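Report on the structure
Residue-level listing of the chains:
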Amino acid sequence: MLRGQRVGLRYVTEDDLPWLKRTTGDPQVRGPFLGSRMMTPHAVDQRWKESGFANEDAERLLICHLHDGSVIGDVVHFAAARYTTAREIGWTLADVAMRGQGLASEAAALLVDYLFENWPVNRLSCGMSVHNHASRRVAEKCGFRHEGVQRGIVFVAGEYVDCHALSLLRSDWLAMKGRGE
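Below you will find a few notes about this structure. Remember, it's a predicted structure, so these values are computed and weren't measured experimentally. (Residues numbered from 1 in each chain as written. Predicted model: local features only at pLDDT ≥ 70, side-chain atom pairs only at ≥ 80, totals over all residues. Heavy atoms only, no water.)

Examining the pattern of salt bridges
On inspection of all chains with the given rule, the structure shows nine salt bridges. The salt bridge partner of Asp45 is Lys21, with a shortest N-O separation of 2.9 Å. Taken together, the residues span a long stretch of sequence, with Asp45 in helix α3 (residues 41-51) and Lys21 in helix α1 (residues 17-24) at a distance of 24 residues. Among the residues examined, Asp45 registers a relative accessible area of 23% and is labelled partly exposed. (Salt bridge = Lys/Arg side-chain N within 4 Å of Asp/Glu carboxyl O. Helix = DSSP H or I, 4+ residues; strand = E, 2+ residues; numbered from the N terminus. Buried < 20%, exposed > 50% of the residue type's maximum accessible area, 1.4 Å probe, protein only.)

Spelled out as structure tokens, the structure:
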């Protein structure tokens, strides 16, 4: 497990499948900013059997509260484009009561460190609805810089929404960590 001050990141286990089925199939948990398309319980089982939610193309790690080990959300990373080593990242706190406490920022920072320390990537990117101010703050706390707005890129609740595009380069991350290249 990757450990922060209050949260940790770990791989999905078979015991986590009921939690994943509940959260990926519940639009209320996904909130107003993520795509509203649900994942079927069968699709969760299929992905578990195929890869355990972790392979070179994509990885899903669970956010666990270090106090009691409870799963409160997840982070993901996946290839941003086939022709680069860049990765796109995302985060979700499924436990609504845990939002607004800096836990998503801590989890996202753990993921950023993990990727730059263990993967041959030079660029991380993330995007969020232009209305999702909390997620933009998470990205900015992790050092991501705003690059622009992608118009009509994500389909949520029957309409296409604009999203902020942010990125973080390895050199930016090294500078934040006080390590020059």
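Points about the pairing of strand β7 (residues 145-156)
Sheet topology note: the β7/strand β8 (residues 159-169) ladder contains eight bridges and is antiparallel. By the bridge assignment for β8, Val154 is matched with Val161. (Pairing = 2+ DSSP bridges.)

Description of the packing of α1 against α3
Running from N to C, α1 and α3 cross one another at 135 degrees; their axes reach a closest spacing of 9 Å. Relative to α3, the element α1 lies oblique. The element α1 and its partner α3 pack so that their crossing is right-handed. Between α1 and α3, the contacting residues are Leu17, Leu20, Lys21 and Thr24 on the first element and Pro41, Val44, Asp45 and Trp48 on the second. Looking at the contact of α1 with α3 residue by residue, the classes come out as five nonpolar, one polar and two charged. (Axes fitted to C-alpha atoms, helices over the stretch in contact; angles between N-to-C directions. Parallel < 35°, antiparallel > 145°, perpendicular 65-115°, else oblique. Left-handed = near helix turned anticlockwise from the far one by under 90°. Contact = heavy atoms within 4.5 Å. Nonpolar A, V, L, I, M, F, W, Y, C, P; charged D, E, K, R; others polar.)

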